[in-house]
Amino acid sequence: LPSQAAQRSSEIQPRSSDYTAPVSQPQPKQFHLGMFEIGKPLGKGKFGRVYLARERSTGFVCALKVLHKSELTQGKVEKQVRREIEIQSNLAHPNILRLYGHFHDSKRIFLIIEYASKGELYKHLRREQRFPEWKAAQYIAQMAAALKYLHKKHVIHRDIKPENILVGMHGEIKISDFGWSVHAPNNRRNTMCGTLDYLPPEMIKPGREENWYSEKVDLWSLGVLTYEFLVGEAPFEDTPVMTQRRIARGEMTIPPFVSAEARDLIKRLLVLDPEKRIPLDEVQQHPWIIKHCVKGERAYQRASGDKQR
Ligand SMILES: CCc1cccc(CC)c1NC(=O)n1cc2c(c1)/C(=N\C(=O)c1ccc(N3CCN(C)CC3)cc1)N=N2
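So, here is what we can say about the structure in this document. On a predicted model such as this, the values are computed, not experimentally measured, just so you know. Residue indices begin from 1 for each chain and proceed along its sequence in written order. Local features are withheld for residues below a pLDDT of 70 in this predicted model, meaning they are given only at 70 or higher, and side-chain atom pairs are given and counted only at 80 or more; totals for whole chains, interfaces and linings count all residues. Side-chain descriptors were evaluated using all non-hydrogen atoms of the structure, hydrogens and water having been removed beforehand.

## Details of the site of the ligand
Whether a residue is near a molecule or strand depends on its heavy atoms: if one lies within 4 Å, it is near. Around the ligand, 18 residues are found, and the nearest of them are Gly-48, Ala-63, Lys-65, Glu-114 and Ala-116. Any pair of nitrogen or oxygen atoms within 3.5 Å is treated as a polar contact; in protein, a donor-acceptor pairing is required on top of that, and neighbouring residues in sequence qualify only through side-chain atoms on both sides. One of the side-chain N or O atoms of Lys-65 is found 3.1 Å from an oxygen atom in the ligand. Residue Glu-114 places a main-chain N or O atom 2.8 Å away from a nitrogen atom belonging to the ligand. For the shell around the ligand, the secondary structure elements donating two or more residues are β1 (36-44), β2 (49-55) and β3 (60-68). Residues belonging to the shell around the ligand are distributed by class as follows: 7 nonpolar, 5 polar and 6 charged. For the purposes of this entry, the term helix denotes a DSSP run of H or I that reaches at least four residues, the term strand denotes a run of E that reaches at least two, and both are numbered from the N terminus. For this classification, Asp, Glu, Lys and Arg are treated as charged, while Ala, Val, Leu, Ile, Met, Phe, Trp, Tyr, Cys and Pro are nonpolar and the rest, including Gly, are polar.

## Quick look at unusual backbone geometry
In the Ramachandran plot, Lys-76 falls in the positive-phi region, its phi being about 55° despite a non-glycine side chain. Take Lys-76: it is sitting in the loop between α2 (69-74) and α3 (78-89). Within the chain, Gln-129 stands out as a residue other than glycine whose phi angle is a positive 65°.

## Digging into the packing of helix α7 (residues 216-231) against helix α9 (residues 260-269)
Running from N to C, α7 and α9 cross one another at 150°; their axes reach a closest spacing of 8 Å. Here α7 is positioned roughly antiparallel relative to α9, judged by the angle of their axes. α7 and α9 meet at a crossing whose hand is left-handed. Packed against α7, whose contacting residues are Leu-219, Trp-220, Leu-222, Gly-223, Thr-226, Tyr-227 and Leu-230, the element α9 presents Ala-262, Ile-266 and Leu-269 at the interface. Note on geometry: axes are lines fitted to C-alpha atoms, helical ones only across the stretch in contact, with angles between N-to-C directions running from 0 to 180 degrees. Reported orientations rely on four angle classes, namely roughly parallel under 35 degrees, roughly antiparallel over 145, roughly perpendicular from 65 to 115, and oblique for the rest. By convention the crossing between two helices is left-handed if the near helix lies anticlockwise of the far one by an angle smaller than a right angle, and right-handed if it lies clockwise. Contacts between residues were defined by any pair of non-hydrogen atoms, one from each residue, lying within 4.5 Å.

## Observations regarding the environment of Gln-80
The topology assignment puts Gln-80 in helix α3. Three exposure classes are used, based on accessible area relative to the maximum for each residue type with a 1.4 Å probe and protein chains only: buried under 20%, partly exposed in between, and exposed over 50%. On the basis of relative accessibility, which here comes to 14%, the residue Gln-80 falls in the buried class. Remark: the alpha-carbon pair of Gln-80 and Glu-202, spanning 122 residues in sequence, is separated by 21 Å.

## What to know about the layout of surface pockets
Rolling a probe over the atoms, with the probe sized like a water molecule, indicates the empty space that remains. The way it works is a 1 Å grid over only the protein atoms, where trapped points that fit a 1.4 Å probe form a cavity and open points with protein on both sides within 12 Å along at least five of seven lines form a pocket, and then any residue with an atom within 4 Å of a point lines it. Grid points are joined across faces, edges and corners, and a volume is the space filled by probe spheres set on the points. Considering only enclosed or pocket space, the largest pocket measures out at about 1,200 Å³ in volume. As for the largest pocket, its lining consists of 45 residues, of which Gly-45, Lys-46, Lys-65, Asn-164 and Asp-177 are closest to the centre. Those elements that place two or more of their residues in the lining of the largest pocket are β1, β2, β3, α3, β5 (108-113), α4 (121-128) and β7 (165-167). The element contributing the most residues to the lining of the largest pocket is α3, with 4 residues. Grouping the constituent residues of the lining of the largest pocket by class yields 18 nonpolar, 14 polar and 13 charged.

So this is what it looks like as structure tokens:
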């Protein structure tokens, strides 16, 4: 793909004799379906299917997401898909699924996406019921790093939930599906479909003043995600009406098996006032994250002896 093509051409150091022959320019980034061998289907969503694929000339393995233009028009989501492509194409972070390129034919749009070989995080969560604290903390640390990168680019994801997170070959998580992401600040009131569980209070019931919201919406969702990783269900899960009411009031209970440090982080993220939510820098420095994520922390604790704790 482009980065590989560019890399390959820079690897070839032309000899002086080469200067006489016309050096072929790296190919423009035009992709078409014939360039790919299509493999097994990986999954399907509301508007598309995704297949394992291999780019023939480089052998590069990727995922090819196929969207039918007619379905996008019917679903009135063309604008959203255009925004997803525009936003995700410009992102490069280890915990954000790469969108390498796209092309279309008369009926379909094709997205060339990074292949996450360990599949969908929510299936891992359902299978394990809930994650041990060390695993949940490592995932939240990766999410915080990805969100910090997004927010620095003034991108709000707005749809952080287990269903939109994939797992890469080394067990690292990757935020995907930027269909709901927007540039901040934003007061877009698209009809949100799907679960309410992850929506922050300011997106549920806009205040009297115009309903502008900021990147802080992703902090609330990070709190809901932390809770769901540790407990196995979302904090405000209930009937739709009750869920909205409980979110608006911040009514949730954290079971006793959740450690005091994890409880503290959840409470600092699930704050009704967006301005009072713990910022991502402090999430990354939180004792619960440091305890489980800083390399050698365990060794350090052993070395300094737990007696001081
Ligand atoms: C079109 C599908 C869709 C709709 C909406 C949102 C999203 C993002 C999550 C997606 N998926 C998407 O864009 N995707 C982009 C992707 C992608 C999905 C993907 N991998 C998989 O889906 C996957 C699934 C199962 C899997 N195995 C399951 C069985 N295990 C034993 C071995 C591993 C291994 C990989 N890689 N890039």
